[in-house]
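# Structure at a glance
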Amino acid sequence: MTEPTLGYEAARDELADVVRKLEAGGLSLEDSLALWERGEALAKICESHLAGARQRVETALAVVEEDVAEG
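Computed from a predicted structure; not experimentally measured.

In globular proteins that are soluble, nonpolar side chains generally tend to be buried together. Among the nonpolar cores identified, the biggest contains 7 residues, and these are L6, A11, V18, L35, L42, I45 and C46. At the level of elements, α1 (8-24) and α2 (29-70) are the ones that each hand at least two residues to this core. Ignoring sequence-local partners within four residues, the contact set of L35 consists of V18, K21, L22 and L27.

Direction vectors running N to C along α1 and α2 enclose 150 degrees, while the axes themselves pass 9 Å from each other. Between α1 and α2, the interaxial angle falls into the category roughly antiparallel. Handedness of the α1/α2 crossing: left-handed. Of the residues in α2, those in contact with Y8, A11, R12, E14, L15, V18, K21 and L22 of α1 are S32, L35, W36, R38, G39, L42, A43, I45, C46, H49 and L50. Broken down by class, the residue content of the contact of α1 with α2 amounts to 12 nonpolar, 3 polar and 4 charged.

So, how was this worked out
Residues numbered from 1 in each chain as written. Predicted model: local features only at pLDDT ≥ 70, side-chain atom pairs only at ≥ 80, totals over all residues. Heavy atoms only, no water. Core = buried A, V, L, I, M, F, W, Y, C linked by side-chain atoms within 4.5 Å. Buried < 20%, exposed > 50% of the residue type's maximum accessible area, 1.4 Å probe, protein only. Helix = DSSP H or I, 4+ residues; strand = E, 2+ residues; numbered from the N terminus. Contact = heavy atoms within 4.5 Å. Axes fitted to C-alpha atoms, helices over the stretch in contact; angles between N-to-C directions. Parallel < 35°, antiparallel > 145°, perpendicular 65-115°, else oblique. Left-handed = near helix turned anticlockwise from the far one by under 90°. Nonpolar A, V, L, I, M, F, W, Y, C, P; charged D, E, K, R; others polar.

The following block contains the structure:
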């Protein structure tokens, strides 16, 4: 269950909140598993955003390197 419209910062912040809740403990096994699954989904959203940003940077650098090579 991913949310494609969830931005990187929102996903990152929610993921940090999930981690805090899991680290605090005191949750039932079912609640812990649900939070873990949500954390996994949020991590994938973050990874997707970062991969897209990485691709944009690599594309921009390739253009700059091409311009420099052409002189």
